[in-house]
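Chain and residue survey
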Amino acid sequence: MRIFLCAGEPSGDLHGANLVRHLRDLDPSTECVGFGGDNMQAAGCRLLYPLCRLAVMGIVHVLANVLSFLHLLSRADRFFRQHRPDAVVLIDYPGFNWWLARRAHFHGIPVFYFVPPQLWGWGGYRVKKMRRWVDHVLCTLPFEKAWYQDRNVQAEYVGHPFFDELPSQRLDSSFIEMQKDGDATIVAILPGSRTQELERNLATQIRTARHIHQARPDTRFLVACFRSAHQQMVADYLRRHPDLPIETHVGRTPEIITLAHACVTVSGSVALELLYRRKPSVIVYRLNKLELNLARRVVTTKFICLVNLLAGKELYPEFATAHCPAEAMAERVVTWLADPPAYAALLGELDALCARVAEPGACAKTARFILQALADKRQPRAVA
């Protein structure tokens, strides 16, 4: 059994790694190969290219890397012809993964889309691509299965793989105890895992922190950086904007979220970790005016945050804007700091939502589904 996987972002790399482990647990002879990141490689997937290092967002950056993507697509197509995997598993990363699905379908290779793009929220017309090139959509949100099935796409609900990883996380207790030493209330700043996210949102997040500190001098701030280069970016920015009680740390995101009374974060899958740890948060997603106007034309959902989508209402205030919403964001955090009943009420709603949707096991279900679907495909049909 040979399975080709493709993940192009850090979260996808994490989900891909967990999926590889479950595939190999169920069938130790399974060979996993493809594009991904360090976590997938450590789990036993042979990487043809570390695609997660090429994670980009926005049309300008995509166009700047178009030759790299075309080279990778050609490399994958050659692998499909020469080594013919039994299945191709795509993990999030729409855009490039559409092209991979198209090539796999051309070669007659079954395609499974795990953590599918949120077509129901933007560009629903793209479901035609899913119907044409993907054999099975493995849905991560409860309402997605019916949405796809209503549009004649084979779909199965498996749950969100983010909740597979969270229960097994081991927090650094010494770091937590050290940070607890003092009377200040901690507010977390989560600037994202991609450099472009920091470039767009860091200034807004630091300005938000400054407004919070002006209203509540008893607060201090911890910035959770994904990599050392991001920590350096934050440090360079803070040198130009001193006099704020703030620290930066790399690889401490779970601990920082645990310590925080509230969080200021970019939009993304980290919202599910905030839900799991029941942390009130404000969400920011800065766009330029052109992107914002385009988004207003294609986005069909009321919310962009996964937690709000799951809840069907705004539990996490979200700010998708071309302007700096620092004062409005700070006002929400200050309310949680100053109004314990309002804070407790939000925690209660997060508890109820988490109990309803935060069920682990998505990667195990996905692995079983893929292997069973492939086994059924190989089963000879009975002759009437």
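Residues numbered from 1 in each chain as written. Predicted model: local features only at pLDDT ≥ 70, side-chain atom pairs only at ≥ 80, totals over all residues. Heavy atoms only, no water.

1. Overview of the packing of aromatic side chains
As enumerated under the stated definition, the model contains 10 aromatic pairs in all. Here Trp98 and Tyr113 contribute two aromatic rings whose centre-to-centre distance is 5.9 Å and whose plane-to-plane angle is 65°, an arrangement assigned as edge-to-face. Highlighted residues: Trp98 in helix α5 (residues 96-106) and Tyr113 in strand β5 (residues 111-114), separated in sequence by 15 residues. Of the two residues, Trp98 and Tyr113, both sit in the buried class. Taken together, a centroid distance of 6.5 Å and an interplanar angle of 85° make the contact between Phe112 and Phe369 edge-to-face. One end of the pair, Phe112, is in strand β5; the other, Phe369, is in helix α18 (residues 362-378), with 257 residues separating them in the sequence. Assessed through its relative accessible area of 1%, Phe112 is described here as buried. (Phe/Tyr/Trp six-rings, centres within 6.5 Å; stacked < 30°, edge-to-face > 60°. Helix = DSSP H or I, 4+ residues; strand = E, 2+ residues; numbered from the N terminus. Buried < 20%, exposed > 50% of the residue type's maximum accessible area, 1.4 Å probe, protein only.)

2. Section: the side chain of Thr204
Examined against the element boundaries, Thr204 turns out to sit in helix α10 (residues 195-215). Excluding anything up to four places from it in sequence, Thr204 contacts Val284, Arg286, Cys324, Pro325, Ala326 and Met329. (Contact = heavy atoms within 4.5 Å.)

3. Considerations on the pattern of salt bridges
Once their charged atoms are close, side chains differing in charge can pair, the charge on each being opposite to the other. All chains considered together, the criterion is met by 14 salt bridges. Note that Arg103 and Asp77 form a salt bridge whose closest N and O atoms lie 2.9 Å from each other. Placement of the pair is Arg103 in helix α5 and Asp77 in helix α4 (residues 66-83), with a sequence separation of 26 residues. Asp351 is the partner of Arg278 in a salt bridge, and the nearest nitrogen-oxygen pair spans 2.8 Å. With Arg278 in the loop between α13 (270-276) and β12 (281-286) and Asp351 in helix α17 (residues 340-357), this pair connects stretches of sequence that are 73 residues apart. Asp351 gets classed as partly exposed once you look at its relative accessible area, which sits at 38%. Put simply, Arg2, Glu31 and Arg46 are held in one network by salt bridges that share partners. (Salt bridge = Lys/Arg side-chain N within 4 Å of Asp/Glu carboxyl O.)

4. Some words on the pairing of strand β2 (residues 31-35)
When you tally the buried positions in β2, you get 4 out of 5 residues, the bulk of the element. In the sheet, strand β1 (residues 2-7) pairs with β2 via 5 bridges, with the strands oriented parallel. Across the sheet, residue Arg2 finds its bridge partner in β2, namely Glu31. Viewed along the sheet, the connection from β2 through helix α2 (residues 38-43) into strand β3 (residues 46-49) turns out right-handed. (Pairing = 2+ DSSP bridges. Right-handed = clockwise from strand over helix to strand, strands pointing away.)

5. Brief notes about the sheet that holds strand β10 (residues 246-250)
Taken in spatial order, the 6 strands line up as β10-β9-β8-β11-β12-β13 in an open sheet, and their pairing is parallel. Every interior strand has two partners, whereas the edge strands, β10 and β13 (318-321), have only one. Sheet twist, expressed as the average angle between the axes of neighbouring strands with direction ignored, equals 20°. Sheet analysis places strand β9 (residues 219-225) next to β10, joined by 5 bridges and oriented parallel. Among the inter-strand pairings, Cys225 is bridged to a residue of β10, identified as Val250. This element, helix α11 (residues 228-240), spans β9 and β10 of the sheet and lies at about 165° to β10. (Axes fitted to C-alpha atoms, helices over the stretch in contact; angles between N-to-C directions.)

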